[in-house]
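Single-letter residue listing:
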Amino acid sequence: MSEKNTVTVRGVEIGSGIPKICIPLTGINMEEILSEAEQAKASGADLVEWRADWYGDISDEGRTGRLLESLRGVLGSLPLLFTFRTRAEGGERELSSELYMKLNRQAICSGCVDLVDVELSAGDNAVRSAVKTAHASGVKVICSSHDFQGTPPKEEMISRLCRMQELGADILKIAVMPQNAGDVLTLLGVTDEMRSEYARCPVVTMAMGGIGVVSRISGEIFGSAITFGTAGRASAPGQICAGELREILECLHRNL
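Residues numbered from 1 in each chain as written. Predicted model: local features only at pLDDT ≥ 70, side-chain atom pairs only at ≥ 80, totals over all residues. Heavy atoms only, no water.

Trainee: Which parts of the structure should I look at to understand the nonpolar core?
Mentor: As a rule of thumb, soluble globular proteins bury nonpolar side chains together. Ranked by size, the top nonpolar core spans 66 residues in total, and within it L25, W50, L71, F82, V116, L172 and M194 carry the most contacts. The residues contacting M194, other than those within four sequence positions of it, are I158, L161, C162, L172, A199 and V203. Within the second largest apolar cluster, 18 residues are counted, among which are V9, V12, A175 and M206. (Core = buried A, V, L, I, M, F, W, Y, C linked by side-chain atoms within 4.5 Å. Buried < 20%, exposed > 50% of the residue type's maximum accessible area, 1.4 Å probe, protein only. Contact = heavy atoms within 4.5 Å.)

Trainee: How should the pairing of strand β5 (residues 80-83) be read in this particular structure?
Mentor: Regular strands show a simple pattern: their side chains alternate between the two faces of the sheet. A two-sided burial pattern is seen for β5, the buried positions comprising L80 and F82 on one face and L81 and T83 on the other. Strand direction decides the pairing type here: strand β4 (residues 47-51) and β5, joined by four bridges, are parallel. Pairing of R51 across the sheet is with T83, part of β5. What joins β4 to β5 is helix α2 (residues 61-75), and the crossover it makes is right-handed. Across two bridges, β5 lies against strand β6 (residues 115-119) in parallel orientation. For L81, the partnering residue across the bridge sits in β6 and is L115. On the question of chirality, the crossover connecting β5 to the parallel β6 by way of helix α3 (residues 97-109) is right-handed. (Helix = DSSP H or I, 4+ residues; strand = E, 2+ residues; numbered from the N terminus. Pairing = 2+ DSSP bridges. Right-handed = clockwise from strand over helix to strand, strands pointing away.)

Trainee: What exactly am I supposed to notice about the side chain of S144 here?
Mentor: Mapped onto the elements, S144 comes out in strand β7 (residues 140-147). Side-chain polar atoms of S144 contact the side chain of R85, separated by 3.5 Å. Setting aside residues no more than four positions away along its own chain, S144 makes contact with R85, E89, D117, V118, E119, L120, M164 and K173. (Polar contact = N/O pair within 3.5 Å; in protein donor to acceptor, adjacent residues only side chain to side chain.)

Trainee: Looking at this model, I keep getting lost on the sheet that holds strand β9 (residues 203-207). Mind explaining?
Mentor: As a general point, the strands of a sheet are linked pairwise by backbone hydrogen bonds and lie either parallel or antiparallel. In spatial order, the strands read β9-β8-β7-β6-β5-β4-β3-β10-β11; together these nine strands make up an open sheet with parallel pairing. What marks the edges here is a single partner per strand, and that holds for β9 and β11 (240-241). Where strand β10 (residues 226-230) lies against β11, two bridges are found, and the strand directions are parallel. Counterpart to T230 in the pairing with β11 is C241. Contacts between helix α1 (residues 30-42) and the sheet are confined to β3 (20-25) and β4, with β3 contributing the most and set at about 160° to the helix. (Axes fitted to C-alpha atoms, helices over the stretch in contact; angles between N-to-C directions.)

The values reported here are purely geometric and, on their own, carry no functional implication.
Below, the structure is given as structure tokens:
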């Protein structure tokens, strides 16, 4: 990617060189989440994602706010991505559209997060609103789309990613569930075409599950800027231990 296609958060340049490793936190209570944050920090992660849909008290605004503050304290200068993944896109629970957007606004305005994930399926107005609020607070937006049932056609995936860009997202993300090796090739082709033809910002793609693992390690070749690894419990099928993932990414980088 060229320099114009990068996003820098707390000194981490997303979209250049080796894909950045993001570790998800999937604890169900504050103790578990903060313990996972310590593990993620020790793992050498480039950024950390709090998967807030796993948190049992997520509807309690006060507790959520205090947990965000505690996470910021544990992570120090490590970038924090806030994500509430809805059940329709593979998450642990559902919220009304109103509560989903309210929760994202709380995270954005907390001063504790650096990036927020907003699902494309929330609708154009919701994405635009989140982008406006986030940018006013110096927070970057990852707009995302997840398909746990299969792999959409190439044209559909490119259309979704381009739509995210039109809505003002800073990073474009799509995850799919391949049924065969051909689906993985389709996803990788979409990634390369987005990088070379359409994207003005970093693109993040992954094919989930075992046969999709190659998509998690080949981002520097095809153009995916972030890869998700584990330092404990995985948040999606096919994620690799962060230490092993780092070794593979660096090996590929050295031989390019």
